[in-house]
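Descriptive analysis of the structure
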Amino acid sequence: MKTKFNLLILLLAVCAASCTEEKSTKMPNVILIMADDMGYECIGAYGSTSYQTPNIDQLASQGIRFANCVSQPLCTPSRVKIMTGKYNYRNYDHFGHLNLSEYTFGNLMQDAGYETCIAGKWQLNGLSYKDIISDWNDNTRPNKFGFDEYCLWQLTKPRSEGGRYADPLIEQNGQILERNSDDYGPDIFSNYILDFIERKKEQPFFVYYPMVLVHDPFVPTPDSQNWSDSENRYKNDTTYFKDMVSYTDKIVGKIVRKLEELQLDENTLIIFTGDNGTHPSITSQLVEGAVQGAKGNTIDAGTHVPLVAYWPSQIKEGKVFNDLIEFSDFFPTLGDMVKADVNSDGKSFYPLLTGGAYTPRETAFVHYDPQWGKNVNRYRNQFVRSLDYKLYPDSTFYHLSNDLLEKNPLFLDSLTTEQADIKTALEKELKRHPDWK
């Protein structure tokens, strides 16, 4: 009897060790959150004094805050770039469209065995080009781009038929949800994500959450004083922007708490970023001064977005990474995570997340041809930049450290030797890409 008892104890110990090993070697979950029209100046961890973002700030304090992440200046150019890891000149054909020939990070993670979900803003079916895009009303396009499930705004219905905030028009896995004037779109999206996490907690999952917040119209949230007055829910007023930033942070906190509740937080990588700079009607205060949003524009305030990575099992203490990251880098980073050989223009920053060796990129490149109205098309351009300097194809050259708004280009005949060498290096980088026309 004693021998059988000892054998039982041994079997239980082996089983426990096996379960522990399986849990520790399980592929990490990934949640990529991308706020809409939120520049770096909106986050407290970046020095903002205009808004309260305690949940995002906590992620930054315990994870990695990337001080210099460079996005595209506008939503679709950024979404196409981050999802495919390619510069826009390779695969950007129309505003609000992603060509079905593209392989996205949804496909990548699905092929690696992940359960995948997207919730929030889609705007990639080509709704504005119905005359030339035959499948603009295909409600399975998110599935074709690698997402098992979706809960989305602006999939097959334009925003003229229904908004993203109060009384939202949302499509979920092939069905249009019943509308309710008391519903708030961001709650529907975030609750869907929480439910997905609950349902998939035993499997590795990838959640892509392109938020609808904090894009205009600037309207009350359910936490705003005026939400109870239904007429005020649709009044566009920049005074509500502060509430919208707070609600964005509140949703991030809800997701973190759900992970903690399910004991998934240790092995889940949370990435928080923004798709482009803040709307120009918004001026925010940083410790060092005011920043006017520059969405659509190629200046720093149009492309400088927050980027925070939080992964407790790998990132043991908070740190700040000051070198450049660009939006083409996300795709190869996920490729490294799942050990896949991917085709990308970017540079994986996965080693930074795991404490490995990493050589920072010296430059970041943006090709920006939005193809969307005179207001933003006037800023179409290319540029290559280092941390401190920026060069455009017409040889306009800026010292960003002294001239962030790009008001005073450097006189080319007055450059120091060091500046001339930097300009030559940036010119060499520009020549790697198609000539700007």
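What you see is a predicted model; the values in this text were computed from it and never measured.

Calculation rules
- Residues numbered from 1 in each chain as written.
- Predicted model: local features only at pLDDT ≥ 70, side-chain atom pairs only at ≥ 80, totals over all residues.
- Heavy atoms only, no water.
- Helix = DSSP H or I, 4+ residues; strand = E, 2+ residues; numbered from the N terminus.
- Rg over C-alpha atoms; globule rule 2.2 N^0.38 Å.
- Buried < 20%, exposed > 50% of the residue type's maximum accessible area, 1.4 Å probe, protein only.
- Lys, Arg positive; Asp, Glu negative; His and termini not counted.
- Charge placed at Lys NZ, Arg CZ, Asp CG, Glu CD.
- Phe/Tyr/Trp six-rings, centres within 6.5 Å; stacked < 30°, edge-to-face > 60°.
- Pairing = 2+ DSSP bridges.
- Axes fitted to C-alpha atoms, helices over the stretch in contact; angles between N-to-C directions.
- Contact = heavy atoms within 4.5 Å.
- Expected span 1.5 Å × (residues − 1).
- Arc of directions from axis to C-beta.
- Core = buried A, V, L, I, M, F, W, Y, C linked by side-chain atoms within 4.5 Å.
- Parallel < 35°, antiparallel > 145°, perpendicular 65-115°, else oblique.

1. With respect to the overall build of the protein chain
Of regular secondary structure, the protein chain possesses 13 helices and 17 strands. Its C-alpha atoms give the protein chain a radius of gyration of 23 Å, within 12% of the compact-globule value 22 Å for 437 residues. Dimensions of the protein chain, computed from C-alpha atoms along their principal axes, come out at roughly 95 × 55 × 45 Å. The buried share of the protein chain, taken over its 437 residues, is 56%. Between the averaged position of the 44 positive side-chain charges in the protein chain and that of its 58 negative side-chain charges there is a distance of 2 Å.

2. Examining the packing of aromatic side chains
Summed over the entire model, instances satisfying the criterion amount to 26 aromatic pairs. Summarising the aromatic geometry, the rings of tyrosine 184 and tryptophan 227 are spaced 5.5 Å apart at their centres and angled 80° between planes, so their arrangement reads as edge-to-face. On the criterion of sequence distance, the pair formed by tyrosine 184 in the loop between strand E6 (175–176) and helix H7 (185–199) and tryptophan 227 in the loop between strand E7 (205–210) and helix H8 (241–261) is long-range, its members being 43 residues apart. Tryptophan 227 matches tyrosine 184 in its accessibility class, with the two residues each being buried. Ring geometry for tyrosine 184 against tyrosine 247: centres 5.2 Å apart, planes inclined by 80°, an arrangement best described as edge-to-face.

3. A few points about the sheet that holds strand E14 (residues 364–368)
One open sheet holds the four strands; their spatial order is E14-E15-E16-E17, and the pairing between them is antiparallel. Two strands bound the open sheet, and with one partner strand each, they are E14 and strand E17 (397–399). The average angle at which neighbouring strand axes cross in this sheet is 15°, direction not considered. Helix-sheet contacts for helix H13 (residues 417–430) involve E14, strand E15 (381–385), strand E16 (389–391) and E17, and the interaxial angle to E16 is about 45°.

4. Focus: the pairing of strand E1 (residues 29–35)
A regular strand places its side chains on the two faces of the sheet in alternate fashion. The element E1 is extensively covered by neighbouring structure, given that seven of its seven residues are classed as buried. Burial of E1 is two-sided: the residues Asn29, Ile31, Ile33 and Ala35 facing one way and the residues Val30, Leu32 and Met34 facing the other way are all buried. Examined bridge by bridge, E1 and E7 share five bridges and lie parallel to one another. For valine 30, the partnering residue across the bridge sits in E7 and is phenylalanine 206.

5. A few points about H13
Taking 1.5 Å of rise per residue, the 14 residues of H13 would be expected to cover 20 Å, and the 20 Å separating its terminal C-alpha atoms lies within 8% of that figure. Those residues of H13 that sit buried are Gln419, Lys423, Leu426, Glu429 and Leu430. Along the long axis of H13, the arc covered by the buried residues comes to 115°, so they all point the same way. Exposed residues on H13 whose side chains face more than 90 degrees from its buried face are Thr417, Asp421 and Lys428. Taken together, the buried residues of H13 touch E14, E15, E16 and E17.

6. Considerations on the environment of lysine 428
Within the secondary structure layout, lysine 428 lies in helix H13. Remark: the alpha-carbon pair of lysine 428 and glycine 293, spanning 135 residues in sequence, is separated by 31 Å.

7. Some details on the nonpolar core
In this structure, Phe66, Phe105, Phe206, Tyr208 and Leu353 are the most contacted members of the largest nonpolar core, which totals 117 residues. No other element matches the nine residues that H8 contributes to this core. The residues touching leucine 353, leaving out its near neighbours within four places in the chain, are Ile64, Phe66, Leu269, Ala309, Trp311, Gln314, Ile315 and Thr333. Core analysis: the next-biggest nonpolar cluster, separate from the first, contains nine residues, Tyr87, Phe365, Leu391 and Leu430 among them.

8. Side note on the side chain of asparagine 88
Looking at the secondary structure, you find asparagine 88 in helix H4 (residues 88–91). When residues no more than four places from it in sequence are discounted, the contact partners of asparagine 88 are Gln72, Pro77, Val80, Lys81 and His367.

9. A word on the environment of leucine 404
Tracing the backbone shows leucine 404 in the loop between E17 and H13. A C-alpha to C-alpha distance of 8.3 Å links leucine 404 and alanine 301, two positions 103 residues apart in sequence. Setting aside chain neighbours within four positions, we find leucine 404 in contact with Tyr40, Ile299 and Asp300.

10. Quick word on helix H3 (residues 75–84)
With ten of ten residues buried, H3 lies mostly within the body of the structure. All of the buried residues in H3 are Cys75, Thr76, Pro77, Ser78, Arg79, Val80, Lys81, Ile82, Met83 and Thr84. Of the residues flanking the end of H3, it is glycine 85, one or two places downstream, whose phi is positive at about 75°.

11. A closer look at unusual backbone geometry
Put simply, leucine 213 and valine 214 share a cis peptide bond, and its omega is 10°. Residue placement: valine 214 occurs in the loop between E7 and H8. In this model, aspartate 37 sits at a positive phi of 65°, which is unusual for a non-glycine residue. For aspartate 37, the location among the structural elements is in the loop between E1 and helix H2 (54–62). Judged by its relative accessible area of 2%, aspartate 37 is buried. You will see that glutamine 371, though not glycine, has its phi angle at about 55°, which is positive.

12. Some thoughts on the packing of H2 against H8
Running from N to C, H2 and H8 point in directions that differ by 55°, and their axes come no closer than 7 Å. Looking at the two axes, H2 sits oblique to H8. Residue-level contacts link Pro54, Asn55, Ile56 and Leu59 of H2 to Asp249, Lys250, Val252, Gly253, Val256 and Arg257 of H8.

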